[in-house]
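# Structural characterization, general
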Amino acid sequence: MTIHKEGTGTLIVTTLTLAIIYSIIRYFTPEQPTIHIAVFVVCFILFLVVLQFFRKPTRKTPINPKHIIAPADGRVVVIEEVIETEYFKGPRKQISIFMSPLNVHINFNPLSGIISYFKYHPGKYLVAWHPKSSTENERTTVVTKHANGTEVLFRQIAG
């Protein structure tokens with residue numbers, strides 16, 4: 001496992017900020033070891049939360065041209081028939097995956113192939129469970145065409 005390159009700066013800032021907070025607490029409460037321990041534990045837990053958010057685990061995915069792999073870690077929250085209006089303009093099966101802050105926040109291509117469509121949609125940053133977050137939040141839409149002609153659309157939505 002490694003750390004994603006985008007997280008390096010955040011981890012440095014987090015470490016420095018937590019070290020400063022801990023140092024200030026120690027300076028103003030020199031005779032309070034229980035407070036020092038409590039603040040250290042809280043700072044360490046916060047550091048671990050940020051660290052695990054940017055982790056990049058090594059994955060060994062079996063390659064099978066008949067498989068479509070989940071593009072993200074998380075929990076499948078809904079599988080339903082929808083009318084897709086951006087690319088296919090017709091009925092499709094939608095599988096929605098919710099990524100909590102504890103999940104690895106790296107998305108993968110769900111199948112091999114050629115990207116036949118890509119569009120970035122600027123937008124809001126509503127919470128993920130808001131009814132309009134899937135249509136109003138910042139998002140990207142990608143369609144990958146497999147060698148056998150199958151096209152898969154996947155969308156990454158900020159939440």
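A brief structural summary. For every chain, the first residue of the written sequence is number 1, and numbering continues from 1 along that sequence. Note on the predicted model: pLDDT of at least 70 is required for a residue's local features to be given, and 80 or more for side-chain atom pairs to be given and counted; whole-chain, interface and lining totals, by contrast, use all residues. With hydrogens and water excluded, all non-hydrogen atoms of the structure serve as input to the side-chain values.

## So, the overall build of the chain
Per the secondary structure count, the chain includes 3 helices and 7 strands. Secondary structure elements in the chain, listed N-terminal to C-terminal, are β-α-α-β-β-β-β-α-β-β. In this setup the radius of gyration rests on C-alpha atoms only. A globule is expected at 2.2 Å times the number of residues raised to 0.38. At 21 Å, the chain has a C-alpha radius of gyration far larger than the 15 Å of a compact globule built from 159 residues. Summarising its shape, the C-alpha atoms of the chain cover approximately 70 × 35 × 25 Å along the three principal directions. The classification of residues rests on relative accessible area computed with a 1.4 Å probe and restricted to protein chains. Under 20% of the type maximum is buried, over 50% is exposed, and intermediate values are partly exposed. Counting across all 159 residues of the chain, residues that qualify as buried make up 23%. The criterion used for residue contact is that any of the two residues' heavy atoms lie within 4.5 Å. Taking as baseline every contact in the chain between residues at least 6 positions apart, the subset at least 24 positions apart corresponds to 54%. Taken as a whole, the chain presents about 11500 Å² of accessible surface, with 65% of it coming from carbon and sulfur. The averaged location of the 10 negative side-chain charges in the chain is 5 Å from the averaged location of its 17 positive side-chain charges. Numbering of helices and strands starts at the N terminus; helices are DSSP runs of H or I of at least 4 residues and strands are runs of E of at least 2. To be clear on the numbers: accessible area is Shrake-Rupley with a 1.4 Å probe, and residue cover counts the displayed protein chains and nothing else. Note on charges: Lys and Arg go in the positive column, Asp and Glu in the negative column, and His and the chain ends are not counted at all. A charged residue contributes its charge at one atom only: NZ of Lys, CZ of Arg, CG of Asp or CD of Glu.

## Let's talk about the pattern of salt bridges
Each reported salt bridge corresponds to a side-chain nitrogen of Lys or Arg within 4 Å of a carboxyl oxygen of Asp or Glu. What the rule picks out here adds up to 5 salt bridges. Between Lys93 and Glu81 there is a salt bridge, and its shortest N-O distance comes to 4.0 Å. Of the two residues, Lys93 is situated in strand E4 (residues 90-98) and Glu81 in strand E3 (residues 75-84); the sequence distance between them amounts to 12 residues. The same class applies to Lys93 as to Glu81, namely exposed. A salt bridge links Arg155 to Glu86, with the shortest nitrogen-to-oxygen separation between them at 3.1 Å. Of this pair, Arg155 sits in strand E7 (residues 151-157) while Glu86 sits in the loop between E3 and E4, placing them 69 residues apart in sequence. Judged by relative accessible area, Arg155 falls into the partly exposed class, the value being 33%. Overall, Glu86 belongs to the buried group, its relative accessible area being 19%.

## Points about helix H2 (residues 33-53)
Residue count minus one, scaled by 1.5 Å, sets the expected span of a helix. Its 21 residues place the ends of H2 30 Å apart at the C-alpha level, agreeing with the 30 Å of an ideal helix rising 1.5 Å per residue. Regarding H2, the residues found buried are His36, Val39, Cys43, Val50 and Gln52. Buried-residue contacts for H2 involve helix H1 (8-28) and strand E2 (55-56).

## Re the sheet that holds E7
Paired through their backbone hydrogen bonds, the strands of a sheet run either parallel or antiparallel. Taken in spatial order, the 3 strands line up as E5-E6-E7 in an open sheet, and their pairing is antiparallel. Strands with a single pairing partner mark the edges of an open sheet, and in this sheet they are strand E5 (114-121) and E7. Each neighbouring strand pair of the sheet contributes to a mean axis angle of 15°, computed without reference to strand direction. Strand pairing is defined by DSSP finding a minimum of two bridges between the two strands. Note: E5 against strand E6 (residues 139-145), 7 bridges, orientation antiparallel. In the strand pairing of E6, Lys119 is matched with Thr141. Inter-axis angles, ranging from 0 to 180 degrees, are taken between N-to-C directions of lines fitted to C-alpha atoms, where helices are fitted over the stretch in contact.

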